[in-house]
Amino acid sequence: MTEKTIENVVAKQQPSIDPTLWGKLPESEKDEKSLSHVSLTYWQDVWRRLRGNKGALFGLIIILALILFALVGPLLTNHTYDNQNLSTSNIPPRYDIYKVGEEYLYLHKNMKLYLTKSNGEIIRVLEKDKEDMIKKQLIYTVGNGTAIIDYSTKNTLVLTDENGKVFGEHKNVSNKTNLLGTDHLGRDLLTRIMYGARVSLLVAVVAALVNFLIGMMYGGIAGFFGGKVDNIMMRIVDIISIIPLTLYVILIMVVLNSGLLSIIIALGSVYWVDMARVVRGQMLSLKEEEFVYAAKTIGTKPLKIITTHLLPNAMGAIIVTLTMLIPSAIFMEAFMSFIGLGVTAPMASWGTLCNEALESIRSFSYQLFFPAIAICITMIAFNLIGDGLRDALDPKLRK
Amino acid sequence: MTLYVVKRLVAIIITLFMIITLTFFLMHSIPGGPFTGDKNVPEAVAKALSEKYHLDDPLWKQYFDYLKSVAQFDLGPSFKYEGMTVNELIKAGLPVSAKVGLLSVALILIVGIPIGIFAALNQNKWPDTLVMLLATLGVTIPSFVIGTLLLYVFSLKLGWTPAYGVEQWQGYILPVLALSGFSLSFVSRLTRSSMIEVFQQDYMRTARGKGLRPSKIIIKHGLRNGLIPVVTIVGPLIAAMLTGSFVIEKIFALPGIGRHFVQSITNRDYTTIMGITIFYAVILVVIVFIVDLIYGLIDPRIKLNK
């Protein structure tokens, strides 16, 4: 059709439009770039989708903060994870101080009296002068006055002066020396949580590596070769996966004795099973693609086909599985430590911290809360990233 | 069908055999005997103990003896609880563990599935968002954290439930809640997503078009299809609850099998560890088998005998 006829057709259909309006734009106004946007690679596309997911971004920020907390944190504190100080054990992160004369005192639940500065910083624990067993009183000399701990009422401690007048709380202060308080051996809780974060992150890294190295290769080989090889390899996986991984890890830990290395070996020896299954499934469908036939035709070795052609194409599914497995590995470590099979004392992990705190949950519940919160935040962050990545890598799965 | 059942039974026996073998050799690869840790056992006593438990026999003989006794449902004596056999330990703990476990399963089915349906019906409205937020928390927070927090709030602070033991029925509330927390959340999430998918199917539109009552549409047409994915995860859920029971029974001081297991780990009581592991394996394998059979029954599209 010539331009003339088009104009005629348009004019016939829409007589109200002045046909002179229809004309070619000058070449100078041609703007191809704004029409065809730059084509994104697969990973750029994934990143674009991930960026739009607020939850995943939030999770990512938390994990980065956690890594910073674990790696840099211990360098910034002047406490160590194993330095015990029994005189300042079980000090909570916040407490009340009393003003007696010119001195400031902190009355601890364990019937200890601490001399503090006016801002609440503990100077030292006071020695009692004498104990009145009949009146149930502990008598202290503070400066030039006296302070008496009265424990005659059950489950309550009262600080009085020599005439029995009860001191009112001066103010509620935060713990300056140990931000999150100390545990039953006087170790700094914050520092121990930092070291616990190191353990958790190490476990996460190990679980990821094990899945990458063993799980991917195992599933890749089974799926690529198929037939008998696949059958035997997958029956082994079936047998392993009938019993919950926790039981294997417990058995292996019992044999190896507890310790960080044992956790890593235990996780490493059974933790790749899910990944192997996912990768095998991907292999089975991918190996029928033309590019694999092409690679075979030019004589590429099977291992090379698996590593350079098949696995990269299955990367989406692999990463999604990985982000699901990492939090469960962290959970597994905490679980093991909680039942007494984790890292050995004095090393701290979030599970052992929770376990130790459970014994004194009645009086010193703060010792449980902080490691528990740390576990929860980490698990939620990893799960948010996992969900975000799943949506970003495979939008078809989105519900 | 019969062929399938026979095939599966053979597979089960092979699996159990492998597990027994694995645990046996794992436990016997630990250096030192079960009594080496004890403080200065006189030589004569140590010898008598070894003789009593046949520890001087060659390993292969011990292995076959053990296989034989396990086949007769005899898991042998406990090394640390004097005069107790592993069977007796399991028998003592089973009522409590089973009660907590079954109550949790009941809670999951009675509460988890309706919650999932409810959320699916209100998709993307605030009840759905709220329920899914809670469920996400339930899936991510470890059971021992949920357990200890429940214990702290309801037993120690509010004093509504006893902090340990199951002498009163209230003692079951918190352990059941803590144990089912994960699975409950998981099931309601899964029910929701599966129901949402089902609601978009053509047959649901047809059912609505026929003018059926909404309750009938949901229950007869929706649930029957929507619950199929839920049935498939029952096996893994039971496994999660078994392992969850270790910590829950520890936290709430329940005299169940899980606590014996954890205790035997701390005590290095190898026969008990072995015995309870095998016991758990049997339970799991059997449950997974039953679930597979049920799965074939409720979903006629699945051919079991292929």
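Owing to the predicted nature of the structure, the values given are computational and were not obtained by experimental measurement.

## Structural notes on the overall build of chain A
For step 1, the next point in the chain: The secondary structure content of chain A amounts to 15 helices and nine strands.
For step 2, the next point in the chain: Expressed as a percentage of the 399 residues in chain A, the buried residues total 46%.
For step 3, the next point in the chain: Pairs at least 24 residues apart make up 64% of the contacts formed inside chain A by residues separated by at least 6 positions.

## What to know about the UniProt feature "transmembrane region" (unreviewed entry) in chain A
For step 1, the next point in the chain: Using the residue numbers shown here, the UniProt feature "transmembrane region" (unreviewed entry) corresponds to residues 56-76, 199-225, 245-273, 310-330 and 366-385 of chain A.
For step 2, the next point in the chain: Secondary structure across residues 366-385 of chain A comprises 100% helix and 0% strand; the distance between its end C-alpha atoms is 29 Å.

## Some remarks on the packing of helix α6 (residues 189-225) of chain A against helix α9 (residues 260-270) of chain A
Residues and elements named next belong to chain A.
For step 1, the next point in the chain: Look at α6 against α9: their axes get within 9 Å of each other, and the N-to-C directions meet at 30°. Considered as vectors, α6 and α9 are oriented roughly parallel to each other. Between α6 and α9 lies a crossing of right-handed hand. Between α6 and α9, the contacting residues are Val199, Leu202, Val203, Val206, Val210 and Ile214 on the first element and Leu260, Ile263, Ile264, Leu267 and Gly268 on the second.
For step 2, the next point in the chain: Partitioning the contact of α6 with α9 into residue classes produces ten nonpolar, one polar and no charged.

## Remarks on the pattern of salt bridges
Residue and element names in this part refer to chain B.
For step 1, the next point in the chain: Per the counting criterion, the structure on display carries five salt bridges over all chains.
For step 2, the next point in the chain: Asp202 serves as the salt-bridge partner of Arg205, at 3.5 Å between the closest nitrogen and oxygen. Of this pair, Arg205 and Asp202 both sit in helix α8 (residues 202-209), three residues apart, which is roughly one turn of that helix. Of the two residues examined, Arg205 and Asp202, each falls in the exposed class.

## A closer look at the UniProt feature "domain: ABC transmembrane type-1" (unreviewed entry) in chain A
For step 1, the next point in the chain: Under the feature "domain: ABC transmembrane type-1" (unreviewed entry), the UniProt entry names residues 197-386 of chain A.
For step 2, the next point in the chain: Secondary structure content for residues 197-386 of chain A is 83% helix and 0% strand, and the end C-alpha separation is 19 Å.

## Structural notes on the sheet that holds strand β8 (residues 158-160) of chain A
Residues and elements named next belong to chain A.
For step 1, the next point in the chain: An order of β5-β6-β7-β8 is seen for the four strands of this open sheet, with the pairing classed as antiparallel. Since the sheet does not close on itself, it has two edges, and those belong to β5 (130-132) and β8, each with one partner. Strand-to-strand twist across the sheet, computed as the mean angle between neighbouring axes with direction ignored, equals 25°.

## A look at the domain arrangement of chain A
A common way to express how large an interface is: the accessible area buried when the components associate.
For step 1, the next point in the chain: Once the domains are mapped, chain A shows domain 1 (94-174) and domain 2 (189-397).
For step 2, the next point in the chain: Here the C-alpha centroids of domain 1 of chain A and domain 2 of chain A sit 52 Å apart.

## Topic: the packing of aromatic side chains
For step 1, the next point in the chain: Counted according to the given criterion, the structure contains 16 aromatic pairs over all chains.
For step 2, the next point in the chain: For the pair Phe279 of chain B and Tyr280 of chain B, a centre-to-centre distance of 6.3 Å together with 45° between the ring planes defines the contact as tilted.
For step 3, the next point in the chain: Residue class for Tyr280 of chain B comes out buried when judged on its relative accessible area of 3%.
For step 4, the next point in the chain: What links up through ring pairs into an aromatic cluster is the set Phe331 and Phe335 of chain A together with Phe246, Phe261, Phe279 and Tyr280 of chain B.
For step 5, the next point in the chain: In this structure, Lys250 of chain B is placed above the aromatic ring of Phe338 of chain A, and the distance from its NZ or CZ to the ring centre is 5.7 Å.

## Topic: a positive patch on the surface
For step 1, the next point in the chain: On the surface, a cluster of positive charge is made up of Lys210, Arg213, Lys216 and Lys220 of chain B.
For step 2, the next point in the chain: By secondary structure assignment, the location of Lys220 of chain B is in helix α9 (residues 214-226).

Reading the values: rules and limits
Residues numbered from 1 in each chain as written. Chains lettered and ligands numbered in written order. Predicted model: local features only at pLDDT ≥ 70, side-chain atom pairs only at ≥ 80, totals over all residues. Heavy atoms only, no water. Helix = DSSP H or I, 4+ residues; strand = E, 2+ residues; numbered from the N terminus. Buried < 20%, exposed > 50% of the residue type's maximum accessible area, 1.4 Å probe, protein only. Contact = heavy atoms within 4.5 Å. UniProt positions renumbered as here; feature names shortened; annotations may be inferred. Axes fitted to C-alpha atoms, helices over the stretch in contact; angles between N-to-C directions. Parallel < 35°, antiparallel > 145°, perpendicular 65-115°, else oblique. Left-handed = near helix turned anticlockwise from the far one by under 90°. Nonpolar A, V, L, I, M, F, W, Y, C, P; charged D, E, K, R; others polar. Salt bridge = Lys/Arg side-chain N within 4 Å of Asp/Glu carboxyl O. Pairing = 2+ DSSP bridges. Domains from an automatic or database assignment. Phe/Tyr/Trp six-rings, centres within 6.5 Å; stacked < 30°, edge-to-face > 60°. Lys NZ or Arg CZ within 6 Å of the ring centre and 35° of its normal. Patch = residues over 30% accessible without salt bridge, like charges linked within 9 Å, V, L, I, M, F, W, Y side chains within 5 Å. Areas by Shrake-Rupley, 256 points an atom, 1.4 Å probe, with all protein chains shown as cover. Lys, Arg positive; Asp, Glu negative; His and termini not counted. Charge placed at Lys NZ, Arg CZ, Asp CG, Glu CD.

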